[in-house]
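# Summary of the model geometry
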Amino acid sequence: MLQKTKHTLSVISALGIAALLGFIYGSTNARPNDISQVTLLKTGKTIAGQTITYPKGGEAQITATIVTLQPGAQTGWHLHDVPLFGYILEGEIIVDYGPLESRTYSKGDALIEVRNLPHNGVNTGTKPVKILSLFMGIKDHPNTQPVKNP
């Protein structure tokens, strides 16, 4: 019984010291300016106003890529049938959405790309374009599908 009491007192003492250190550390070292958060985008719609829906029919798979287009390069006509978050890290790109108007995206722009609508991106600038692309897709299903020029 004495052994169990000593063990219990040791645990209580350790917890008390940990709580005290946590209080002291938290109260003297808390620097709220050390961490910041910037919301890049909060939406339920694509750039074309489509409601975002997640694909069905398989195991979910998130894929993050950085797409780089050199000056004069283009993506080629393609479409996505899975939700895609894009963030322009560098440069500027003009995307032709066919029946929709073309849009220009620049460094710092965030978007949810249109789904199931062919589009083509072109870097008309003099510097590379870098795009962080986050696909919310399905395992073993392509995130991007090439299509013919509409």
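Small disclaimer: the values here were computed from a predicted structure and weren't measured.

What counts and what doesn't
- Residues numbered from 1 in each chain as written.
- Predicted model: local features only at pLDDT ≥ 70, side-chain atom pairs only at ≥ 80, totals over all residues.
- Heavy atoms only, no water.
- Helix = DSSP H or I, 4+ residues; strand = E, 2+ residues; numbered from the N terminus.
- Buried < 20%, exposed > 50% of the residue type's maximum accessible area, 1.4 Å probe, protein only.
- Contact = heavy atoms within 4.5 Å.
- Pairing = 2+ DSSP bridges.
- Axes fitted to C-alpha atoms, helices over the stretch in contact; angles between N-to-C directions.
- Polar contact = N/O pair within 3.5 Å; in protein donor to acceptor, adjacent residues only side chain to side chain.

This brings us to the overall build of the protein chain. Helix and strand counts for the protein chain stand at 1 helix and 9 strands. Secondary structure elements of the protein chain occur, N-terminal to C-terminal, as α-β-β-β-β-β-β-β-β-β. Taking all 150 residues of the protein chain together, 25% fall into the buried category. Pairs at least 24 apart in sequence give 77% of the contacts found in the protein chain among residues at least 6 apart.

We now examine the sheet that holds strand β5 (residues 103-106). Taken in spatial order, the 3 strands make up an open sheet running β5-β4-β7, and their pairing is antiparallel. Each of the sheet's edge strands pairs with one partner strand only, and the pair in question is β5 and β7 (120-122). Averaged over all adjacent pairs, the angle separating strand axes in this sheet is 25°, with direction ignored. Looking at chain direction, strand β4 (residues 92-96) and β5 are connected through 4 bridges and run antiparallel. Residue pairing in the sheet places I94 in a bridge with T104 of β5.

The next subject is the pairing of strand β3 (residues 84-90). For β3, a buried count of 5 out of 7 residues is recorded, marking the element as mostly surrounded by other parts of the structure. Sheet analysis places β3 next to strand β8 (residues 129-138), joined by 6 bridges and oriented antiparallel. Among the inter-strand pairings, G86 is bridged to a residue of β8, identified as S133.

So, on to the sheet that holds β3. Note on sheets: strands pair through backbone hydrogen bonds, and any given pair is parallel or antiparallel. Taken in spatial order, the 4 strands of this open sheet run β1-β8-β3-β6, and their pairing is antiparallel. With partners counted over all chains shown, the strands left at the sheet margins are β1 (60-69) and β6 (110-112), one partner each. With strand direction ignored, the average angle separating the axes of adjacent strands in the sheet is 20°. As paired strands, β1 and β8 are joined by 10 bridges and run antiparallel to one another. Bridging from a neighbouring strand, T68 pairs with K130 of β8.

With that settled, the discussion passes to the side chain of H119. Within the element layout of this structure, H119 appears in the loop between β6 and β7. Within the structure, the side chain of H119 is placed 2.8 Å from the backbone oxygen of L117, a separation counted as a polar contact. Beyond its immediate sequence surroundings of up to four residues, H119 is in contact with T75, G76, W77, H78, L79, H80, V95, D96, Y97, E113 and V114.

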